[in-house]
Amino acid sequence: MSARASSFALWGATLLLGCGGMEEPDSQPLGMRLVLSQAVADELGAFQVVVLPNGASRSCADLQRSCLNQQVKATEPLVIADSSGKTGRALVFPVQLGEGGTQKLDVNIPVGRDYAIVIEAVSRSSPPRFLGSSCNYLNAVSSRNEPFIAASIQLAAVGCNPTFPSP
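For clarity, every value in this text was computed on a predicted model and none was experimentally measured.

**Here's the deal with the pairing of strand E9 (residues 130-141)**
For step 1, the next point in the chain: The element E9 is extensively covered by neighbouring structure, given that nine of its 12 residues are classed as buried.
For step 2, the next point in the chain: Summarising the sheet, strand E8 (residues 112-123) and E9 pair through 10 bridges and their orientation is antiparallel. Note on E9: the bridge partner recorded for Ala121 is Gly132.
For step 3, the next point in the chain: Taking the residues that link successive antiparallel strands as the turn, the E8-E9 hairpin has six residues.
For step 4, the next point in the chain: Sheet topology note: the E9/strand E11 (residues 154-155) ladder contains two bridges and is antiparallel. Note that in E11 the partner of Gly132 across the bridge is Leu155.

**Digging into the state of the cysteines**
For step 1, the next point in the chain: The full count for this structure, using the stated rule, is two disulfides.
For step 2, the next point in the chain: The partner cysteine of Cys60 in its disulfide is Cys135, sulfur to sulfur 1.9 Å. On the S-S bond that ties Cys60 to Cys135, the torsion sits near -60°, and the link is left-handed. Highlighted residues: Cys60 in helix H3 (residues 60-63) and Cys135 in strand E9, separated in sequence by 75 residues.
For step 3, the next point in the chain: For Cys60, a relative accessible area of 8% gives the class buried.
For step 4, the next point in the chain: Exposure remark for Cys135: the relative accessible area of 7% places this residue in the buried category.
For step 5, the next point in the chain: Covalent S-S linkage joins Cys67 and Cys160, the inter-sulfur distance amounting to 2.0 Å. When the S-S torsion is 100°, as for the bridge of Cys67 with Cys160, the disulfide is right-handed. Taken together, the positions of Cys67 in the loop between H3 and strand E4 (80-82) and Cys160 in the segment after E11 put the pair 93 residues apart, joining distant regions of the chain.
For step 6, the next point in the chain: Residue Cys67 is classed as buried on the basis of its relative accessible area of 0%.
For step 7, the next point in the chain: Counting its disulfide-bonded cysteines in sequence order, the chain shows a connectivity of 1-3, 2-4.

**Remarks on the pattern of salt bridges**
For step 1, the next point in the chain: As enumerated under the stated definition, the model contains three salt bridges in all.
For step 2, the next point in the chain: Close ionic contact of Glu43 with Arg129 constitutes a salt bridge, the shortest N to O distance being 3.7 Å. Note that Glu43 is positioned in the loop between helix H2 (38-41) and strand E3 (44-53) and Arg129 in the loop between E8 and E9, a separation of 86 residues in sequence.
For step 3, the next point in the chain: Glu43 sits in the partly exposed class, given a relative accessible area of 28%.
For step 4, the next point in the chain: Two residues, Arg58 and Glu76, come together in a salt bridge whose shortest N-O distance is 2.5 Å. Here Arg58, found in the loop between E3 and H3, pairs with Glu76, found in the loop between H3 and E4; they are 18 residues apart in sequence, far enough to count as distant.

What counts and how
Residues numbered from 1 in each chain as written. Predicted model: local features only at pLDDT ≥ 70, side-chain atom pairs only at ≥ 80, totals over all residues. Heavy atoms only, no water. Buried < 20%, exposed > 50% of the residue type's maximum accessible area, 1.4 Å probe, protein only. Helix = DSSP H or I, 4+ residues; strand = E, 2+ residues; numbered from the N terminus. Pairing = 2+ DSSP bridges. Disulfide = S-S within 2.5 Å. Salt bridge = Lys/Arg side-chain N within 4 Å of Asp/Glu carboxyl O.

Take a look at the structure:
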């Protein structure tokens, strides 16, 4: 692995799953802590989180090769919400790295089974470019879950724009 690729890992990316219905007041968000090197952070503009149904039938290796929006129908991802209540089939979180290069992301996803969670790294350029992604299988989401460790982001030299259409 090159020095650049190894610096683009999601070190200890913990997903704290606790969902229930998105409007349920005692539901817990899916929390994610990302750690990045400064070299990668200079290019990175945002993280895009997408949750796909039927996760076991999908190949994460294939999903990580290019922009997810070119591989799935726009209506296929689940509607998810961030901690402020914003909903969408793809949630974009601007890079706001804290101490030690970490960032926390909170996502509420519906209770269910057999999901694939895809986290795309998006450039700060205009139009945005796909920098790479992480794909994770999730067997089940309930109203209370144990922490989930996300896979590392795999770099990809693809010139596609990862932006999903607005609803």
